[in-house]
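In case you want the letters, here they are:
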Amino acid sequence: MAEENKVKLHGMWASPYVKRVEIALKIKGIPYEYVEEDLVNKSQLLLQYNPVHKKVPVLIHDGKPICESLVILEYIDETWKNGPPLLPQDPYKRAKVRFWTSFVEKELLENVLLVVTSEGEAQEKAIKVVFEKLKLLEEGLKDLFQGETHHIDGENMGILDIFLCSLFGAHKAQEEVLGVKFIDPEKFPLLSSWVTALTEVAVVKALQPPHEKLVVVYQFLRQKALQPSADGVEVKEGVYVRSLSRSSPS
Amino acid sequence: MEVVKLIGTWPSPFSYRVIWALKLKGIPYEYIEEDLSNKSPMLLQYNPLHKKIPVLVHGGKPICESAVILQYIEDVWPQNPLLPNDPHERAVARFWVHFAENKVRCIWRLFRTTGGEEQEKAKKESMEMLRALEEHGLRDKKFFGGDKIGIADIAFGQVAHWLEMIEDLVGVKLIEAHTFPHLHAWTKNFKQVPIIKENLPDFGEMLMYFKKARDNFLASRGPGM
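What this report covers is the structure whose coordinates are included nearby.

Definitions and limits used
- Residues numbered from 1 in each chain as written.
- Chains lettered and ligands numbered in written order.
- Predicted model: local features only at pLDDT ≥ 70, side-chain atom pairs only at ≥ 80, totals over all residues.
- Heavy atoms only, no water.
- Helix = DSSP H or I, 4+ residues; strand = E, 2+ residues; numbered from the N terminus.
- Contact = heavy atoms within 4.5 Å.
- Buried area = accessible area lost by both parts, 1.4 Å probe.
- Salt bridge = Lys/Arg side-chain N within 4 Å of Asp/Glu carboxyl O.
- Polar contact = N/O pair within 3.5 Å; in protein donor to acceptor, adjacent residues only side chain to side chain.
- 1 Å grid on protein atoms, 1.4 Å probe; cavity = no way out; pocket = protein on both sides within 12 Å on 5 of 7 lines; lining within 4 Å.
- Points joined across faces, edges and corners; volume = space filled by probe spheres on them.
- Nonpolar A, V, L, I, M, F, W, Y, C, P; charged D, E, K, R; others polar.
- Pairing = 2+ DSSP bridges.
- Axes fitted to C-alpha atoms, helices over the stretch in contact; angles between N-to-C directions.
- Expected span 1.5 Å × (residues − 1).
- Buried < 20%, exposed > 50% of the residue type's maximum accessible area, 1.4 Å probe, protein only.
- Arc of directions from axis to C-beta.
- Parallel < 35°, antiparallel > 145°, perpendicular 65-115°, else oblique.

The next thing to look at is the environment of B:Leu44. Residue and element names in this part refer to chain B. Examined against the element boundaries, Leu 44 turns out to sit in helix α2 (residues 41-46). When the C-alpha positions of Leu 44 and Asp 153 are compared, they lie 30 Å apart, and in sequence the two are 109 residues distant. The residues touching Leu 44, leaving out its near neighbours within four places in the chain, are Lys 39 and Lys 51.

With that settled, the discussion passes to the interface of chain A and chain B. Across the contact, 24 residues belong to chain A and 27 residues belong to chain B. Carbon and sulfur atoms make up 66% of the area that chain A and chain B hide from each other, which totals about 2400 Å². On the chain A side of the interface with chain B, the three residues burying the most area are A:Val52, A:Tyr92 and A:Phe99, jointly 25% of the side's total. At the boundary of chain A and chain B, one finds six salt bridges. B:Arg90 is paired through a salt bridge with A:Glu78; the nearest N and O atoms lie 2.8 Å apart. Where chain A meets chain B, there are eight residue pairs in polar contact (both at pLDDT 80 or more). Mapped onto the side of chain A that touches chain B, the elements with two or more residues apiece are β4 (64-67), α3 (69-79) and α4 (91-116) of chain A.

Further remarks concern empty space enclosed by the protein. Residues and elements named next belong to chain A. Throughout the structure, instances matching the rule amount to three cavities of 30 Å³ or more. The space that makes up the largest cavity amounts to roughly 180 Å³. Looking at the largest cavity, it is lined by 18 residues, and the ones nearest its centre are Pro 16, Lys 19, Ser 166, Gln 208 and Leu 214. Looking at the lining of the largest cavity, the elements that each hand over two or more residues are α1 (16-27), α6 (159-168), α9 (202-207) and α10 (211-226). A class-by-class count of the residues in the lining of the largest cavity yields 14 nonpolar, three polar and one charged.

Turning next to the sheet that holds strand β2 (residues 33-36) of chain A. All names here are of chain A. With mixed pairing, four strands are arranged side by side in an open sheet as β2-β1-β3-β4. Looking at the sheet topology across the chains shown, the edges are occupied by β2 and β4. The average undirected angle you get between the axes of adjacent strands in this sheet is 25°. Of the pairings in the sheet, the one linking strand β1 (residues 7-11) to strand β3 (residues 58-61) comprises four bridges and is antiparallel in character. Of the residues in β3, the one forming a bridge with His 10 is Val 58.

It is worth spelling out helix α12 (residues 203-221) of chain B at this point. Residue and element names in this part refer to chain B. The end-to-end C-alpha distance of α12, which contains 19 residues, comes to 26 Å, matching closely the 27 Å that a straight helix rising 1.5 Å per residue would cover. Along α12, the residues classified as buried are Met 206, Phe 210, Arg 214, Leu 218 and Arg 221. Along the long axis of α12, the arc covered by the buried residues comes to 90°, so they all point the same way. Relative to its buried face, α12 has exposed residues pointing more than 90 degrees away, namely Met 208, Lys 212, Ala 219 and Ser 220. Looking at the buried side of α12, the elements it contacts are α5 (106-111), α6 (116-138) and α9 (162-170). A side-chain oxygen of the first residue of α12 lies 3.2 Å from the backbone nitrogen of Gly 204; this N-cap is Asp 202.

All right, on to the layout of surface pockets then. The rolling of a water-molecule-sized probe over the atoms marks out the regions of remaining empty space. In this structure, the second largest pocket occupies an estimated 1600 Å³ of space. Taken together, the elements giving at least two residues each to the lining of the second largest pocket come down to α4 and α5 (120-145) of chain A together with α1 (13-24), α4 (87-103), α5 and α12 of chain B. Of all the elements, α4(A) adds the most residues to the lining of the second largest pocket, at seven residues. Its residues placed into classes, the lining of the second largest pocket shows 18 nonpolar, nine polar and 15 charged.

The next point concerns the packing of α5(A) against helix α8 (residues 189-200) of chain A. All names here are of chain A. With their axes 8 Å apart at the nearest point, α5 and α8 run at an angle of 80° to one another. If you check the angle between α5 and α8, you find them roughly perpendicular. Note on element contacts: α8 touches α5 through Pro 189, Leu 190, Leu 191 and Trp 194, opposite Leu 134, Leu 137, Glu 138, Leu 141, Lys 142 and Phe 145.

Structure (structure tokens):
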């Protein structure tokens, strides 16, 4: 492949944001070179490609960088027409998918991170919020799927599937570390069966770190956040991936 | 063409994002002013999750969240595109819309401060955000969209008009010609674009409205904060 057509992904092994892009590239069958970034010691390339946020993932295509996982997914969908679409064709369905993707990102993910990085009363409050948001998502799924069962396989994963997977693919590890069961089939039957189906997709399975490693990741993250240190208990993507980059990928 | 309705409120920058997009594309629509202190059954029906504006209703089907609405409008009505043709440039525009969604809210945190450490922190975050726009977003372009306004300019509209109101009320000046030359020029150029100029809330009325809202918020917070 000519240098200009090459696809590179700058990432970090434990980052769910990077995982989203990897899943999309694999679903579309796009060959790429993966570059592991040390986020404690960021490369010149990363700082050049993402000067605004200095974060991963960054996709490089034709020598040009694209940043922000959702932006990357839309770029992939528009650029590689072969393989399954990541967004529906119908504008109204696209809007619904974008709406729920934004919900998962802004309202669920942020609050789950809060549960991971807090304790005591603050954690109890955050847990309550997550359950409220999950209930809203469960309700929303009824409208989104409109009574049809949402069949997942490697052929029809879209951006919402990918985003949900990047958050709750590790739900068993989250359960083990937090002692809270978010993906509860009794409380959230539609959501639970959807998450279970997602974790069974071959591409997702291949990209998921083993359970034990994920447990370590969440424990590490929690420990780091609860330590009274210079980082403080800031629930930001930066803290999350900064903490994790100190654990080895192998 | 199916009927298009927009439920919004006159002081909201998010409402205006949708108005600007509809007007730029020449899409006729019915505007419905919502009273957020007494939410209508229509709003609760169309946006049961957040109960917020703006909501676009197209052929009876609701679309919520202004950033989602902008993309929807672009998908349905391709004339006068808000996004560039080139895939990489589209990604850059979307990156800045994403930035607007996540980073510009610091100006509203500043809006809620009266002084001290809280205000210093909010001011610092706001300045960093504006620095990113100046150095990486706008650089030496006239608009984020290049020679014409695009989706990113629309997303940053609150920086052009509402930020000045926040600056006045809080008593801090963030955008000055010598500190942010390109951004400063952009705020003027953006508001000179005819569709934008004709569709902005009156500055004086807006100032009064937000002053009252701020006073109410500060009073409810209580002293010593």
